[in-house]
Amino acid sequence: MLSYRHLFHAGSFADVFKHVLLTQLLLSLNEKDKPYFYLDTHAGIGLYDLSHPWAQKGREFESGIKKLWGRTDIPAAMKPYMDIVRAENADGHLRYYPGSPRIARKLIRPIDRIALTELNKTDCAVLHELFARDKRVNVQLMDGLQSLKANLPPKERRGMVLIDSAFDVSREFARLAAALAEAHTRWATGTYAIWYPLMGAGVIRGFEKQIEAAGIKKVLQFELSVLSEDASTMPGSGMIIVNPPWKFDTEMRTLLRWLWSALTVDGAGGVKVNWLVRE
Ligand SMILES: C[S@@+](CC[C@H](N)C(=O)[O-])C[C@H]1O[C@@H](n2cnc3c(N)ncnc32)[C@H](O)[C@@H]1O
């Protein structure tokens, strides 16, 4: 329990997929003047040094952000995400990779608010330090699913939740689906983004069925895989998005297809965009 350290995986193809979607969701919230709330239930440490021995162990960032770093043909929709990563590396050399809290902090406006929860004490202390002087960011040492109960519904009544579990306990898919259903009863109009690893069709189908059975509407599903299914490691990952912005399905399909072409290994994998539950 809690042996997971995201530094081993920072900047991987799964991170790029997750953070490109997160960036687009937050930009969409920025389109209206009213304040919003961003809750990151499994926040990590916020900023990752890719030269650290843990990041160097599997060099997973080479499967993700490194492949995009030198490209000169980045589509316009990818630019805000790339600009955030570039801002962490002002000398042009890729060393630091921003986690979801740091990405959100770059995108929110002065009127918006962030809550970050992290259960690993060491990681939470690092996160606390990173945002110590920032009044808009509240860091909490807390279980991510408990934090849904503690923080929802937000007083702003608009915003989003990122649920980015470490998937280090068995039956995590079932726990997440149940937590989403419970959170949705508290705050039905919020946007929820739930990341998951592609771990076998049966497990994912069970997760989908549980979400369908919860009676939640407007559930969009994205998957991006870059390795073949018989690879020895996770071939890709997915994101369930409840209450996505208008046209998010078509806009992200185009963006993810480009991302797939940039990240695929020998043409393996692909992109899935699916309405799990419509209006
Ligand atoms: C995938 S990482 C998060 C990465 C981060 N969201 C990002 O995109 O930069 C998952 C994090 O969840 C933390 N964690 C594990 N179990 C948790 C729990 N029950 N509640 C909150 N955080 C937890 C881990 O310590 C780890 O930092």
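Per chain, residues are indexed from 1 in the order of the written sequence. Residue-level local features of this predicted model are given only where pLDDT is at least 70; pairs of side-chain atoms are given and counted only at 80 or more, and the full residue set underlies all totals for whole chains, interfaces and linings. With hydrogens and water set aside, each side-chain value is computed from the structure's full complement of heavy atoms.

> Now, about helix H5 (residues 100-107): what can you tell me, with residues and values included?
For H5, the buried fraction is high: 6 of the 8 residues fall into the buried class. Buried within H5 are the following residues: Ser100, Pro101, Ile103, Ala104, Arg105 and Leu107. Exposed residues in this analysis have more than 50% of their type's maximum accessible area, buried residues have under 20%, and partly exposed residues fall in between, with area computed by a 1.4 Å probe over protein chains only. Under the scheme used here, helices are H or I runs from DSSP no shorter than 4 residues and strands are E runs no shorter than 2 residues, and both carry numbers assigned from the N terminus.

> Break down the packing of aromatic side chains for me, citing the residues and quoting the values.
When the centres of two rings from Phe, Tyr and Trp lie within 6.5 Å, Trp using its six-membered ring, the rings pair. Their planes under 30 degrees apart give stacked, over 60 give edge-to-face, and anything left gives tilted. Tallied over the entire structure, the rule returns 8 aromatic pairs. Look at Phe173 and Phe207: their rings are 5.0 Å apart centre to centre, the planes differ by 65°, and that puts the pair in the edge-to-face class. Of this pair, Phe173 sits in helix H8 (residues 172-186) while Phe207 sits in helix H9 (residues 201-213), and the two are 34 residues apart along the sequence. Between Phe222 and Phe248, the aromatic rings sit 5.9 Å apart at their centres with planes inclined by 75°, giving edge-to-face as the arrangement. In this pair, Phe222 sits in strand S8 (residues 219-225) while Phe248 sits in helix H10 (residues 248-263), placing the two residues 26 residues apart along the sequence. You'll find Phe222 and Phe248 in the same group, each marked buried. Cluster of aromatic residues (ring-pair linked, three or more members): Phe167, Phe173, Trp195, Tyr196 and Phe207. If you follow Lys18 out to its NZ or CZ, it ends over the ring of Trp195, 4.8 Å from the centre. For a Lys NZ or an Arg CZ to count as sitting over a ring, it must be within 6 Å of the ring centre and within 35 degrees of the ring normal.

> Provide a residue-level description of the packing of H8 against H9, including the pertinent values.
Each axis is a line fitted through C-alpha atoms, and for a helix only the stretch in contact is used; angles between axes span 0 to 180 degrees, taken between their N-to-C directions. Orientation of H8 relative to H9, taken along the N-to-C sense of each, is 15°, at an axis distance of 9 Å. In terms of axis orientation, H8 runs roughly parallel to H9. Relative to H9, the crossing made by H8 is right-handed. Judged by residue contacts, Phe173, Ala174, Leu176, Ala177, Ala178 and Leu180 of H8 engage Val203, Ile204, Phe207, Gln210 and Ile211 from H9. Under this grouping Gly is polar, as are all residues other than the nonpolar Ala, Val, Leu, Ile, Met, Phe, Trp, Tyr, Cys and Pro and the charged Asp, Glu, Lys and Arg. Classifying every residue of the contact of H8 with H9 by side-chain character gives 10 nonpolar, 1 polar and no charged. Geometric relationships in this document are graded by angle, where less than 35 degrees denotes roughly parallel, more than 145 denotes roughly antiparallel, 65 to 115 denotes roughly perpendicular, and other angles denote oblique. Should the near helix be turned counterclockwise from the far one by less than a right angle, the crossing is left-handed, whereas a clockwise turn marks it as right-handed. The criterion used for residue contact is that any of the two residues' heavy atoms lie within 4.5 Å.

> Please give an account of the sheet that holds strand S10 (residues 270-277) that cites residues and values.
As summarised here, the arrangement of the 8 strands in space is S5-S4-S1-S6-S7-S9-S8-S10, forming an open sheet in which the pairing is mixed. One side of each edge strand has no neighbouring strand; the edge strands of this open sheet are strand S5 (137-141) and S10. Between one strand axis and the next, the sheet turns by 15° as a mean value, whatever way the strands run. For two strands to pair, DSSP has to find at least two bridges joining them. Strand direction decides the pairing type here: strand S7 (residues 191-197) and strand S9 (residues 236-242), joined by 6 bridges, are antiparallel. For Tyr196, the partnering residue across the bridge sits in S9 and is Gly238. H9 contacts S7, S8, S9 and S10 of the sheet and is inclined by roughly 30° relative to S10.

> Summarise the site of the ligand; cite the residues concerned and give the values.
In the region of the ligand, 21 residues are neighbours, and His19, Glu118, Asp143, Gly144 and Asp164 sit closest. Pairing of N or O atoms within 3.5 Å defines a polar contact, subject to two protein rules: one partner must be a possible hydrogen donor and the other a possible acceptor, and residues neighboring in sequence count only if both atoms are side-chain atoms. Note that a nitrogen atom of the ligand is positioned 2.9 Å from one of the backbone N or O atoms of His42. In the complex, the protein chains occlude 97% of the 610 Å² of accessible area that the ligand would expose alone. Any residue with a heavy atom positioned within 4 Å of a molecule or strand is treated as near that molecule or strand. Residue burial considers only the protein chains on display, and all accessible areas are found by Shrake-Rupley using a 1.4 Å probe.

> Describe the environment of Ala181, naming the residues involved and giving the relevant values.
Residue placement: Ala181 occurs in helix H8. Residue classification places Ala181 among the partly exposed positions, given a relative accessible area of 24%. On a C-alpha basis, the gap between Ala181 and Thr254 in space is 30 Å, while along the polypeptide they are 73 residues apart. When residues no more than four places from it in sequence are discounted, the contact partners of Ala181 are Ala214 and Ile216.

> Any chance you could break down the side chain of Asp164 for me, citing the residues and the numbers?
Note on placement: Asp164 falls in the loop between strand S6 (159-163) and H8. In this structure Asp164 comes out as buried when scored by relative accessible area, which is 12%. At a separation of 3.0 Å, a polar atom in the side chain of Asp164 contacts the side chain of Lys18. Not counting chain neighbours up to four residues away, the residues in contact with Asp164 comprise Lys18, Thr41, His42 and Trp195.

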